[in-house]
Amino acid sequence: MIDFFEGLGVEKKINAATTYTAIGGSLMDDEVLDAMRSAAGYFIDMRELQIKAGEKIAKLTRNEAAFITSGCASAIVLSILGLRTNGDAVEIGKVISGTARESEVIIQNGHRINYDAAIKLAGSKIVTVGNAIETHAWQIESAITEFTTAIFFVPGSHLAGSTLSLNQIVQIAHARGIPVIVDAAAQLPPVSNFWEFTENLGADLVLFSGGKAIRGPQASGLILGKAKHIESISANASPNALFARALKVGKEEIAGLTTAIERFINLDHDAELLSWNSVVDFWFEGLMGQSQLTIEKESHNEAGQPVPRLRLSPSDGNAMKLVAQLKKNSPSIEVVHNSSNNLWLSPDSLKIGDAAKVLQAILKFVKLS
Ligand SMILES: *Cc1c(COP(=O)(O)O)cnc(C)c1O
């Protein structure tokens with residue numbers, strides 16, 4: 001088979017980090033690639049395809065409705081556009097011409113993330129509430145105005161502080177007729193998060209990346225939730241040549257993501273966890289007794305999900321040096337770090353044989369130091 005990256009002279013990396021977009025996200029299974037290849041060979045009605053794929057995914061994920069986007073950031077833009085316009089052609093036209101009424105989206109300060117810039121792309125203003133450590137219910141209540149489009153909620157135990165829970169936010173929002181959007185881009189596994197935020201906790205819409213743990217196409221994402229909102233979202237989205245045409249998703253991504261979701265739901269997640277744990281144990285045993293390193297097994301990844309990993313803290317206090325050495329290694333190895341003295345080895349994005357190469361490289365650099 002043709003090795004495209006080799007032909008182009010692009011260096012291939014070992015991913016001991018996680019499903020980071022900047023290094024290619026995740027790898028698709030053959031059944032996902034086959035679905036994309038099959039979809040690439042025919043013409044269909046894109047609207048019919050979106051509707052039928054949405055119905056299938058809604059059923060699989062126990063939601064009222066579903067819509068496929070070109071990523072989770074796209075899902076943010078489209079959700080806001082849908083809620084701003086209610087799918088009304090006149091309102092959509094006003095957003096395009098810049099004459100729509102103002103729109104505000106409320107976010108707790110402790111939930112501010114880089115990706116929330118997508119809200120501004122939908123023409124809305126971000127209203128930040130509370131401080132980095134806490135939010136009080138009255139602060140949310142008093143931030144709600146006639147211009148409030150939604151409250152944006154970011155779950156994950158990695159976020160600091162005592163922000164208000166989704167339950168509290170949903171109560172406050174729904175008492176005032178305001179919808180709640182949950183950005184759960186990287187909140188998989190567990191697979192139950194497909195329905196936890198919406199069906200169990202009452203959020204109106206929940207958004208996921210297709211190209212992270214689901215292992216769908218890189219340029220895919222997912223919106224799940226209330227059917228009336230999904231309809232409004234669809235009215236803004238491609239194939240319509242409107243504001244959100246810039247976020248086009250193709251038939252190949254729709255085929256790939258639909259197949260990847262079904263695969264992910266049917267996956268033996270217990271067996272996957274066991275295999276991840278055996279890789280972490282392998283690294284732990286291989287690095288045990290190296291006086292230059294403190295190591296510790298952790299049960300959750302940086303997004304707070306149950307994906308085990310190994311934390312390394314070099315005793316010279318210079319984790320960033322090791323990170324750079326691994327990056328320059330041949331093959332280049334990517335890891336997660338916290339810009340201070342911790343780096344993490346994660347098993348979830350490795351290919352066969354990678355775990356041993358990662359261990360070898362670390363032992364080599366640690367012994368050099
Ligand atoms: C990764 C991520 C996104 C962006 O997802 P894409 O699918 O790459 O567009 C948005 N929000 C959060 C919390 C993320 O982790």
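Let us now look at the packing of helix H4 (residues 72-85) against helix H5 (residues 89-97). Direction vectors running N to C along H4 and H5 enclose 120 degrees, while the axes themselves pass 8 Å from each other. The pairing of H4 with H5 is recorded here as oblique in orientation. Judged by the twist between their axes, the crossing of H4 over H5 is right-handed. Two secondary-structure elements touch here, H4 through Leu81, Arg84 and Thr85 and H5 through Glu91, Ile92 and Val95. For the contact of H4 with H5, the class distribution of residues is three nonpolar, one polar and two charged.

Domain boundaries assigned for the chain yield domain 1 (4-22 + 268-368) and domain 2 (44-266). Facing the eleven residues of domain 1 at the interface are 16 residues of domain 2. Of the roughly 920 Å² buried where domain 1 meets domain 2, counting both sides, 51% is carbon and sulfur surface. In terms of surface lost to domain 2, no three residues of domain 1 exceed Thr19, His269 and Gln305, which account for 49% of the buried area on that side. Our enumeration of links across domain 1 and domain 2 arrives at zero salt bridges. Seen at the junction of domain 1 and domain 2, the total is four residue pairs in polar contact (both at pLDDT 80 or more). Residues of the side of domain 1 that touches domain 2, tallied by class, amount to four nonpolar, five polar and two charged.

Reading the values: rules and limits
- Residues numbered from 1 in each chain as written.
- Predicted model: local features only at pLDDT ≥ 70, side-chain atom pairs only at ≥ 80, totals over all residues.
- Heavy atoms only, no water.
- Axes fitted to C-alpha atoms, helices over the stretch in contact; angles between N-to-C directions.
- Helix = DSSP H or I, 4+ residues; strand = E, 2+ residues; numbered from the N terminus.
- Parallel < 35°, antiparallel > 145°, perpendicular 65-115°, else oblique.
- Left-handed = near helix turned anticlockwise from the far one by under 90°.
- Contact = heavy atoms within 4.5 Å.
- Nonpolar A, V, L, I, M, F, W, Y, C, P; charged D, E, K, R; others polar.
- Domains from an automatic or database assignment.
- Buried area = accessible area lost by both parts, 1.4 Å probe.
- Salt bridge = Lys/Arg side-chain N within 4 Å of Asp/Glu carboxyl O.
- Polar contact = N/O pair within 3.5 Å; in protein donor to acceptor, adjacent residues only side chain to side chain.

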